[in-house]
Amino acid sequence: MNEHPNLDGAFFEIYAKDPRFWLLQGGQHKEAADILWQAYQKGIPGDENASLWQLLSNHRGEIATHMLGMAIENTIKGIIIACEPAIVNKGKFDKRFTTHNIND
């Protein structure tokens with residue numbers, strides 16, 4: 001999907017073409033990753049019967065690393081858009097920019 005579902009074409013174009021927006025998104029993902037990673041490192045609270053908490057705790061590290069990856073991806077996309085703003089045109093991304101593969 002090339003269009004953002006929550007933004008109409010005009011707003012999408014404004015935000016998507018602004019490298020600062022992408023850097024802000026990267027920073028927010030990094031902040032979330034840091035919070036999750038700290039919670040992961042603290043481990044499970046004293047309640048041994050908290051099986052749901054334990055399940056979530058076991059996955060916090062994975063979620064934190066995923067969020068960190070998103071932070072890096074969004075930051076790189078901001079740099080790419082700063083260098084090549086035509087990637088966003090008429091409220092849509094160029095097809096090269098619609099996946100998580102930033103090697104292209």
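From a predicted model like this one, the values you see are computed outputs, not experimental measurements.

**Section: a nonpolar patch on the surface**
A contiguous nonpolar patch, built from Phe11, Ile14 and Tyr15 and spanning about 320 Å² of accessible area, is present on the exposed surface. One can find Tyr15 in helix α1 (residues 9-16). Owing to a relative accessible area of 38%, Tyr15 belongs among the partly exposed residues under this scheme.

**Here we look at the packing of aromatic side chains**
Evaluated as defined, the whole model comprises three aromatic pairs. Consider the rings of Phe21 and Trp22, whose centres lie 6.0 Å apart with planes at 80 degrees: the pair is edge-to-face. On the accessibility criterion, Trp22 (9% relative accessible area) is buried. The interplanar angle of 55 degrees and the centroid separation of 5.9 Å between the aromatic rings of Trp22 and Phe93 together place this pair among those described as tilted.

**Overview of the pattern of salt bridges**
Within the structure shown, the criterion is met by three salt bridges. In this structure, the salt-bridge partner of Arg20 is Asp18, at a minimum N-O distance of 2.9 Å. Put simply, Glu73 and Lys77 hold a salt bridge, and the shortest N to O gap is 2.9 Å. Of this pair, Glu73 and Lys77 both sit in helix α3 (residues 51-83), separated by four residues, roughly a single helical turn.

**Here's the deal with the confidence of the model for the protein chain**
Averaged over all residues, the pLDDT of the protein chain is 76; the fraction at 70 or higher stands at 71%. Per-element mean pLDDT across the protein chain ranges from 75 in α1 up to 84 in helix α2 (residues 19-42).

**Considering the side chain of Asn74**
Note that Asn74 resides in helix α3. Residue contacts for Asn74: discarding those within four places in its chain leaves Trp22, Gln25, Gly26 and His29.

**Considering the environment of Phe12**
Mapped onto the secondary structure, Phe12 falls in helix α1. Along the chain, Phe12 and Val88 lie 76 residues apart, while their C-alpha atoms are 8.9 Å from each other.

Quick notes on the rules
Residue positions within a chain follow its written sequence, with the count starting from 1. Reporting in this predicted model follows two pLDDT cut-offs: at least 70 for local features of residues, and 80 or more for side-chain atom pairs to be given and counted; totals over whole chains, interfaces and linings ignore these cut-offs and use all residues. Side-chain numbers come from the whole structure's heavy atoms, not from hydrogens or water. Two distance rules govern patches: like charges are joined within 9 Å, and nonpolar side chains (Val, Leu, Ile, Met, Phe, Trp, Tyr) within 5 Å, applied only to residues with over 30% relative accessible area and no salt bridge. Note on areas: Shrake-Rupley, 1.4 Å probe, and residue coverage restricted to the protein chains presented here. The term salt bridge refers to a pairing of a side-chain nitrogen on Lys or Arg with a carboxyl oxygen on Asp or Glu at a separation within 4 Å. Secondary structure is summarised from DSSP: a helix means a run of H or I of at least four residues, a strand means a run of E of at least two, and numbering begins at the N terminus for each. To sort residues, take the accessible area from a 1.4 Å probe on protein chains only and compare it with the maximum for the residue type: under 20% means buried, over 50% means exposed, and anything in between is partly exposed. Ring pairs are drawn from Phe, Tyr and Trp, using the six-membered ring of Trp, whenever the two centres fall within 6.5 Å, and their geometry is named by plane angle: stacked under 30 degrees, edge-to-face over 60, tilted for the rest. Along the chain, pLDDT gives the predictor's confidence residue by residue, from 0 to 100. The contact rule is simple, with two residues in contact once any of their heavy atoms fall within 4.5 Å.

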